[in-house]
Amino acid sequence: MKIERLNMEDYNRIWVTSDIHGYHNLFLELIDRINLDREDLLIIAGDSCDRGADSFKIYEEIAELQRRGLNIIHTFGNHEDLMVKAIEEGNIFAWYRNGGRETIRSYDNNYTELERHLSIVKEMPIAVDLGRYFIVHGGIDPEKSIEEQTSYEMTWIRDKFIDNKLHKTDKVVVYGHTPNLDGRIHFVSGQKISIDCGSYCTGVVGAIELKSMREVYVSTDKLNLFINHHFRYRD
Ligand SMILES: [Mn+2]
């Protein structure tokens, strides 16, 4: 299990987003809006694939931006976990039920690319520890220290983490996974920042900059999103 440990002082601005779920257009708009440069860090806290149509393009885009020298770290989300388990262990039903069919379609039978991306996905860190902030997809077991957490808990945990306002570590946990259906970032308590804006039902992807606490939202038209979804499932 890999936890990336970084020093906040090494970067100018530190943006965190998550749960882009195949909406490549929203990702591009976000990159444009936050105007990321080489002094900054962008952490994508999991779930760039599934549900939306363009998962392939998102992973490609991230790799291209990294090649251009931008600091982008993508942590492992439960949808990345579903993808790995479907492809490597044949657990296809769980993936397809959760939007994996769109991911496969986005590769358009290009299995070489899929295999290349799969190896990148498998190398993703589970979390980023910035000292004061701990960035992770699902959350943490509130009763355990950071050292005691498992990959599975940090990728998948929901109720136990959400239902407990406070946790054992004194770090502020910044997490996705559990969507805020009002399409906003929530400051749940002094110890938690919930950033999943529910792209696939709200049309919104949000991001927060941890030094200024500036929030940015990009969104597609909700009706368009609904209609695309509706017609996609008719065939
Ligand atoms: Mn998600």
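Residues numbered from 1 in each chain as written. Predicted model: local features only at pLDDT ≥ 70, side-chain atom pairs only at ≥ 80, totals over all residues. Heavy atoms only, no water.

- Per an unreviewed UniProt entry, the protein goes by Serine/threonine protein phosphatase and derives from Propionigenium maris DSM 9537.

Here's the deal with the sheet that holds strand 3 (residues 41-44)
- The five strands are arranged 4-3-2-10-11 in an open sheet whose pairing can be described as mixed. Two strands close off the open sheet at either side, each with one partner strand: strand 4 (71-74) and strand 11 (214-219). Mean inter-strand twist for the sheet, computed between neighbouring axes without regard to direction, equals 20°.
- As defined by bridge partners, strand 2 (residues 14-17) adjoins strand 3 across four bridges and the pair is classed as parallel. If you follow Ile14 over to strand 3, its bridge partner there is Leu41.
- On top of the sheet, helix 2 (residues 55-67) reaches strand 3 and strand 4; it is set at about 145° to strand 4, its chief contact. (Pairing = 2+ DSSP bridges. Helix = DSSP H or I, 4+ residues; strand = E, 2+ residues; numbered from the N terminus. Axes fitted to C-alpha atoms, helices over the stretch in contact; angles between N-to-C directions. Contact = heavy atoms within 4.5 Å.)

Structural notes on the packing of aromatic side chains
- Counted by the stated rule, this structure contains four aromatic pairs.
- Ring geometry for Phe56 against Tyr107: centres 5.1 Å apart, planes inclined by 65°, an arrangement best described as edge-to-face. Of the two residues, Phe56 sits in helix 2 while Tyr107 sits in helix 5 (residues 100-107), which places them 51 residues apart along the sequence.
- Judged by centre distance (6.1 Å) and plane angle (35°), the ring pair of Trp95 and Tyr96 falls under tilted.
- For Trp95, a relative accessible area of 2% translates into the label buried.
- Directly above the ring of Tyr217 sits Arg184, whose terminal nitrogen or CZ lies 4.1 Å from the centroid.
- In this arrangement the basic side chain of Lys192 is found over the ring face of Phe161, its NZ or CZ atom lying 4.3 Å from the centre. (Phe/Tyr/Trp six-rings, centres within 6.5 Å; stacked < 30°, edge-to-face > 60°. Buried < 20%, exposed > 50% of the residue type's maximum accessible area, 1.4 Å probe, protein only. Lys NZ or Arg CZ within 6 Å of the ring centre and 35° of its normal.)

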